[in-house]
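Remarks on the overall topology
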Amino acid sequence: MKAYFYYTFTIVILFTLIVGCRSTKKLGKNEALITKLNLRGFDKQFEEQAKAYVALDIRPNSPFNLFIYNTFSKKGKLKLGEAPHLLDSALIEVSRKQIKKFLNTKGFLNAAVYDSVSIKNKRATLFYTAKQGAPFRFNNMAFTIKDSTIKNLYLSNRSKFTQITKGARYDEDSIATEREKIYLLMKSNGYYDFLRQYVRPIVDTNTNNSLANVDITIVNPSDSTRHKQYTINNTYINIQSAGIQQKKADTTVIDSQYYFYDKSTYFKAKRIANFIYFKQKDAYSITKAELTNQRLYDLNVFKSVNISFKKTNDSSQRLNAFLDIVPLKRKFNRIDAEYTFNASITGLNLGLTYQNRNAFGGGEVFEVKGRSGFQFDRNLSGQFIDRVLSRDYQVGTSLSFPRLISPFRIPLIGKNGIPRTRIGLSYQIFNLTNTYQRNTLGGTFTYDWIETKYKSHSFTPINIQYSQGKIKQSVADSLVAQGERFFLTTLRSQLVSSSLYSYTYNLIRLNEYRNFSFFLGNIEVGGNSAALLAKALNHKPDADGQKKLFNVPYYEFVKLEADYRYYKSLGGERQLIVRLNPGIGISYGNVKALPFEKLFFAGGSTGIRAWQARTLGPGNYNRSSLQNDTARLNLRNLDQLGDLKIEGNFEYRFKLLQNFFGTKVKGATFIDYGNIWQLRDEGQQQNREFKFDKLWSQMAVGVGFGVRFDVSFFVFRLDAGFKLKDPQFTGNEQWVSKYWFDKTRRNEFKNNYNNVTNKPDNYTFTQIQFGIGMPF
């Protein structure tokens, strides 16, 4: 199936390019297809913006979009792809004028723009050439404001937001920003009736030295000599019924100012009042109103929140606030399914989720999840049930509070986002057929809070996992015989208690097309509290030199991981992402190994995509070193784990189709690299450990391409990864790309690899990865 996908996709791409080049054959005698757009004489910072003023119908087509149109649209009868963009003299002239106006707004008031066209074989290149001239610059500022209170408020805050400074390039956007900031300043300081129209910037550019004088004028209302300031009186909160049947409203008054009418009878008024940021006698503030609206939405229990203000029926200049709220359904159920495949192994996962969005009346979210997963191996003999490779059953419950719960008082923080306290319990049974079973009970206690719009934190002071591992005796004996005690250590019963801190920067910008950096850092420290308890109880080491709690050894370790990405905008919806994802885990003290759940793996849909998850590394490790066929079969997905990880990605993203049956289709090409390693040799002599002088020889490299189907509320992703350099081999044999286009050598190579043992690992040059959401 992978080969079919690869060849089909390659043929489509080549056919696209061929048809894109030959598409001019369908044009009329006097028609020409615009294939290039060239802007000359523009400052680099304005060139991409100027292109946006060229009419869409005279910009070059995407070859792929044009191919779809020519092949499937039936001369425009179906809205597929993109119709040919042909030369149009009227649109060329309109675009020229728009570009000139754009340059004028950027301070080039004497700019001139010229257009020209070059045509060859019905393919046209459109040129726009600018003579920008010297830019005008801001000079003198004046302020004509009759209301002295307004004037003092503006001038005392102006330095915090103004972009109009003497000597700076004249820019109409700077003037528009000044006007908007003045409006928001007044609306946030009690001026309920203030309108944008009251702010009237007057610009004088009638000078001979390219200077612009600006006079900021703020006029008074037509019926008054001053602007009125208003304060908040009472706030009335009306919560509608969540169902069709109306109930008698719960009525509550909080602090003699918040009047609650809860027709749903689901909410505690005091908890909701914590997220209303305007109070009695406060000056009216549009900023606080918007903040209240956003935080009530963030509780994830309300469908709509509408906030309005009305003047009281007297001359006191007070406002009554009205919140009209429609809640979401309180209870929610979801069923999800997932199918995975790789070579001979296929998988099926089924999940069921129950959620109560308002468990205790204050926006608390109670959730129960159940999940079961199965992997099947068609190489195993017997009936269908005999081909089950692994079974995975999980059940978990969590409770999330929209506040930080602590034995000591913590100030309410919510202006930048809702803080949350999450408590979770989980139980898992994982069974690898005829090899291994692991039962794990876990519990967590986590604080999440948002420092600023761009910075968020997560701290888990309590993270406990108690695991009972059972290894089939014959498998354990074969591992001991081969010196593979590492696997016995990581797979056996264990106690892991740790604390985890996570810091995230710029998460909110991941869907933006601009230049920015993203960072996610994690640090986890485990075992210290368990070691103190063991010491207090005076527990003695066993025959292996390890102390135990609850009859299992505890682990002491430090684990660090970072995810750094740089997003470079290339104009429009084109983007280049550079990512580096290193991680390291160091064990010490009681057990000289990391717990199984804390080990790193490589490959998968968000890592090195040419490999399936847990099938790469560590180091130069080749599974043929497991000479025992049974061990090689049974240890799949268990033996390729490590203490150290280095992964990196280069990905170029672009738009393919604006509308494909209601879905936006985007494309991507990528290069992935990296591997995992073990920090201790453990006498294995199989090049799994990290050595700096062997870094390149132990590095895997994959390339590929993919498509993303964006249906607005989620992204469905399909990536095809191709192995370029595989570190499990030696020397030039690592460059497996030499077999891509040589069918004979490729088949010979795969047969030699697959026939090393009686139970082979099927080698594949390609890997198809499915995913929901972007990989990073």
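Residues numbered from 1 in each chain as written. Predicted model: local features only at pLDDT ≥ 70, side-chain atom pairs only at ≥ 80, totals over all residues. Heavy atoms only, no water.

Regarding the pattern of salt bridges
Note on pairing: side chains with opposite charge can pair once their charged atoms come close. As a reminder, the rule being used: We define a salt bridge as a contact between a side-chain nitrogen of Lys or Arg and a carboxyl oxygen of Asp or Glu at a distance within 4 Å. Each residue gets one of three labels from its accessible area relative to the maximum for its type: buried under 20%, exposed over 50%, partly exposed in between, using a 1.4 Å probe on protein chains only. By the criteria applied, helices consist of DSSP H or I runs no shorter than four residues and strands consist of E runs no shorter than two, each listed in order from the N terminus.
On inspection of all chains with the given rule, the structure shows 35 salt bridges. When the shortest N-O distance is used, the salt bridge between Asp171 and Arg169 registers 3.4 Å. Classification of Asp171 by relative accessible area gives buried; the value is 8%. Between Arg609 and Asp719 there is a salt bridge; the shortest N-O distance is 3.4 Å. Remark: Asp719 occurs in strand β28 (residues 715-725) and Arg609 occurs in the loop between β24 (575-588) and α12 (629-634); sequence separation between them is 110 residues. Both residues of the pair, Arg609 and Asp719, count as buried. Connected via shared salt-bridge partners are Arg609, Glu651, Arg653, Asp672, Arg708, Arg717 and Asp719.

A closer look at the confidence of the model for the protein chain
Worth spelling out the cut-off: Confidence per residue, as judged by the predictor, is encoded in pLDDT with a range of 0 to 100. Here, residues are in contact when the closest pair of their heavy atoms is within 4.5 Å.
Averaged over every residue, the pLDDT of the protein chain is 86; residues scoring 70 or more account for 88%. In this model residues 1-9 is a low-confidence stretch, pLDDT under 50, and it forms 17 contacts with partners more than four residues away in sequence or in other chains. Note that residues 14-22 has pLDDT below 50 and, in this model, six contacts with residues that lie over four places away or in other chains.

Re the pairing of strand β6 (residues 211-218)
For the record, the criterion: DSSP-based pairing: two strands are paired if at least 2 bridges between them are found.
Taking burial as the measure, the eight residues of β6 include six buried ones, the bulk of the element. Pairing geometry for strand β4 (residues 137-145) and β6, over seven bridges, is parallel. The residue of β6 that forms the bridge with Ala142 is Asp215. Examined bridge by bridge, strand β5 (residues 199-204) and β6 share six bridges and lie antiparallel to one another. Opposite Val199, over in β6, you have Ile218 as the bridge partner.

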